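Summary of the model geometry
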Amino acid sequence: MERWLPLELASTVRHDGDGGVADDLATVRGATHWIQAQADLLAAHVPAADLVADEDLRLRVIELRQAVRALFAQAVSPAPPSPADAHRLMPADRAMTHLNTVAAREPVAPQLDWAAGGVPGTRLLSAENDPYVRLLSALARAAIDFLSGPRREQLRSCTAPRCVRYFVKSHGRQEWCKPSCGNRARAARHYRRRSATGEGG
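Residues numbered from 1 in each chain as written. Predicted model: local features only at pLDDT ≥ 70, side-chain atom pairs only at ≥ 80, totals over all residues. Heavy atoms only, no water.

Next up on the list: the nonpolar core. A general tendency of soluble globular proteins is for nonpolar side chains to be buried together. Among the nonpolar cores identified, the biggest contains 43 residues, and Ile35, Leu57, Leu64, Phe72, Leu99 and Leu135 are the most heavily contacted of them. The leading source of residues in this core is helix α4 (residues 55–76), at eleven residues. Once you skip the residues sitting within four places of it in the chain, Leu99 turns out to touch Leu64, Val68, Leu71, Ala140, Ala143, Ile144 and Leu147. Residues Ala160, Cys163, Trp176 and Cys181 belong to the second largest nonpolar core, which totals seven residues. (Core = buried A, V, L, I, M, F, W, Y, C linked by side-chain atoms within 4.5 Å. Buried < 20%, exposed > 50% of the residue type's maximum accessible area, 1.4 Å probe, protein only. Helix = DSSP H or I, 4+ residues; strand = E, 2+ residues; numbered from the N terminus. Contact = heavy atoms within 4.5 Å.)

It is worth spelling out empty space enclosed by the protein at this point. Throughout the structure, instances matching the rule amount to one cavity of 30 Å³ or more. Roughly 30 Å³ of internal volume is contained in the largest cavity. Lining the largest cavity are Ala44, His45, Glu106, Val108, Leu124, Ser126, Arg134 and Arg141. Elements with a contribution of two residues or more to the lining of the largest cavity: β4 (121–126) and α6 (131–147). Partitioned by chemical class, the residues of the lining of the largest cavity number three nonpolar, two polar and three charged. (1 Å grid on protein atoms, 1.4 Å probe; cavity = no way out; pocket = protein on both sides within 12 Å on 5 of 7 lines; lining within 4 Å. Points joined across faces, edges and corners; volume = space filled by probe spheres on them. Nonpolar A, V, L, I, M, F, W, Y, C, P; charged D, E, K, R; others polar.)

For Ser157, the location among the structural elements is in strand β5 (residues 155–157). Polar contacts involving the side chain of Ser157 include one to the main-chain amide nitrogen of Ser82, which spans 3.3 Å. For Ser157, the contacting residues outside a window of four places in its chain are Val76, Pro80, Pro81, Ser82, Arg165, Tyr166 and Phe167. (Polar contact = N/O pair within 3.5 Å; in protein donor to acceptor, adjacent residues only side chain to side chain.)

Within this model, the largest pocket holds a volume of roughly 490 Å³. Lining the largest pocket are 19 residues, with Met1, Glu8, Arg165, Phe167 and Cys177 sitting closest to its centre. Those elements that provide at least two residues to the lining of the largest pocket are α1 (5–10) and β6 (166–168). Per-element tally for the lining of the largest pocket: the top contributor is β6, with three residues.

Another point: the side chain of Arg141. Here Arg141 is to be found in helix α6. Residue Arg141 is classed as buried on the basis of its relative accessible area of 15%. Ignoring any residue separated from it by four or fewer positions in sequence, one finds Arg141 in contact with His45, Ala103, Glu106, Val108 and Leu124.

Let us now look at α4. The first and last C-alpha atoms of α4 sit 31 Å apart over 22 residues, in line with the 32 Å expected at 1.5 Å per residue. With a side-chain oxygen positioned 3.2 Å from the backbone nitrogen of Asp56, the residue opening α4 is Asp54. (Expected span 1.5 Å × (residues − 1).)

Relative to the elements of secondary structure, Ala70 occurs in helix α4. Counting along the chain gives eleven residues from Ala70 to Pro81, while the straight-line C-alpha distance between them is 8.6 Å. Each residue touching Ala70, except ones within four places of it in the same chain, is listed here: Leu89, Met90 and Ala95.

On to the packing of helix α2 (residues 28–37) against α4. Closest axis-to-axis distance for the α2/α4 pair is 9 Å, and the angle between their directions is 65 degrees. The angle between α2 and α4 places the two elements in the roughly perpendicular class. The crossing of α2 and α4 is left-handed. Contacts from Val28, Ala31, Trp34 and Ile35 in α2 reach Glu55, Leu57, Arg58 and Val61 in α4. (Axes fitted to C-alpha atoms, helices over the stretch in contact; angles between N-to-C directions. Parallel < 35°, antiparallel > 145°, perpendicular 65-115°, else oblique. Left-handed = near helix turned anticlockwise from the far one by under 90°.)

So this is what it looks like as structure tokens:
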């Protein structure tokens, strides 16, 4: 299953299984675990598998997540945003400024990579030594690429009861982020219909 860094970041806010919302970045340990779990997606930017967060980095990742989720809410509009933070979204213009500022903190230059007989590709050469700056800039650039690319058109907020995730719609009839959310939504719809017709009880 394809993964995108901005969605992985946005999904650190999730349903906790008990009717509430969990935050994977609530502690320094949680932030470290999440960063290390993204090592494959960050491999070209920073050695995330060995990166250990501190409180300052945790707070900066959370601020970046707030910006990404605010711009995700704008991208899915006029559909409703995720209920997790719909009532306290960062203003979209501030979110965009923050994303651009964080992306610009790492000076990078594109480098052509073309092995003999192979297909030409590019990689980014960084002039930044601080791994925290590299991490945050990579997350911001990934969000910029996502929001300015074709995937933005497929971005949705899951409408299943209690779900707070955003997802990329992979086929025409997809309404929910995963099958379990679809099952929950159908069960809730069935319950509402039965209650409305007096069949419940």
